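# Architecture and fold: a report
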Amino acid sequence: MRALRHRRMRAASLVEAIVAAVVLLIAFAATMELLPRLTLRDDDGLAVAEAECRVAQAFDKYGSGLWPAGEYAERYDGGELTIRVEPYRQYGDLQLITIEVRIDGCRKRILHRQLVEWRE
């Protein structure tokens, strides 16, 4: 009797490569379909840029350390800013400034926090 030899199937590795490529292609296509939905839309970019500009202006205004602790609200054409000024832990010369921006017509919310030192 002849000894049985294991035969290799040469086409099997080609089929496996094609199946793997198809699976990766489907995963890539699904990712590319979902990614724009999770990021900015075309009309949101300008609104977010304006909101970031308003945040910078608010930090300039409230970052002096002279504002008493509390919550302040400011409205602008494209949304609303909520500014919280609170003392930072046990340090008397530090304040934590938290600015939250809500953009009108958009679910996006921007939140910035910054520690400021009291200046005279």
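Our subject is the structure listed above.
Residues numbered from 1 in each chain as written. Predicted model: local features only at pLDDT ≥ 70, side-chain atom pairs only at ≥ 80, totals over all residues. Heavy atoms only, no water.

## Let's talk about the pattern of salt bridges
A full pass over the atoms with the stated rule returns five salt bridges. A salt bridge links E74 to K61; the shortest N-O distance between them is 3.0 Å. Linking E74 in strand 1 (residues 70–76) with K61 in helix 2 (residues 44–62), this pair joins segments that are 13 residues apart in sequence. Using a relative accessible area of 24% as the deciding quantity, one classes E74 as partly exposed. (Salt bridge = Lys/Arg side-chain N within 4 Å of Asp/Glu carboxyl O. Helix = DSSP H or I, 4+ residues; strand = E, 2+ residues; numbered from the N terminus. Buried < 20%, exposed > 50% of the residue type's maximum accessible area, 1.4 Å probe, protein only.)

## Points about helix 2
Compared with an ideal rise of 1.5 Å per residue, which puts 19 residues at 27 Å, helix 2 spans 26 Å between its outermost C-alpha atoms and is within 8% of the ideal. Those residues of helix 2 that fall on the buried side of the exposure criterion are D44, V48, A51, V55, A58, F59 and Y62. Projected down its long axis, helix 2 shows its buried positions confined to an angular sector of 100 degrees, all on one face. Helix 2 presents L46 and D60 as exposed residues on the side facing more than 90 degrees away from its buried surface. (Expected span 1.5 Å × (residues − 1). Arc of directions from axis to C-beta.)

## Thoughts on the side chain of T82
Structurally, T82 is set in strand 2 (residues 79–88). The class for T82 is buried, based on a relative accessible area of 11%. Ignoring any residue separated from it by four or fewer positions in sequence, one finds T82 in contact with E71, Y72, T98, I99, E100 and R102. (Contact = heavy atoms within 4.5 Å.)

## Quick look at the sheet that holds strand 1
As summarised here, the arrangement of the four strands in space is 1-2-3-4, forming an open sheet in which the pairing is antiparallel. With one partner strand each, in any of the chains shown, strand 1 and strand 4 (109–117) form the two edges of the open sheet. For this sheet the average axis-to-axis angle between neighbouring strands, irrespective of direction, equals 20 degrees. Along the sheet face, helix 2 touches strand 1, strand 2, strand 3 (91–103) and strand 4 and points at about 160 degrees away from the line of strand 3. (Pairing = 2+ DSSP bridges. Axes fitted to C-alpha atoms, helices over the stretch in contact; angles between N-to-C directions.)

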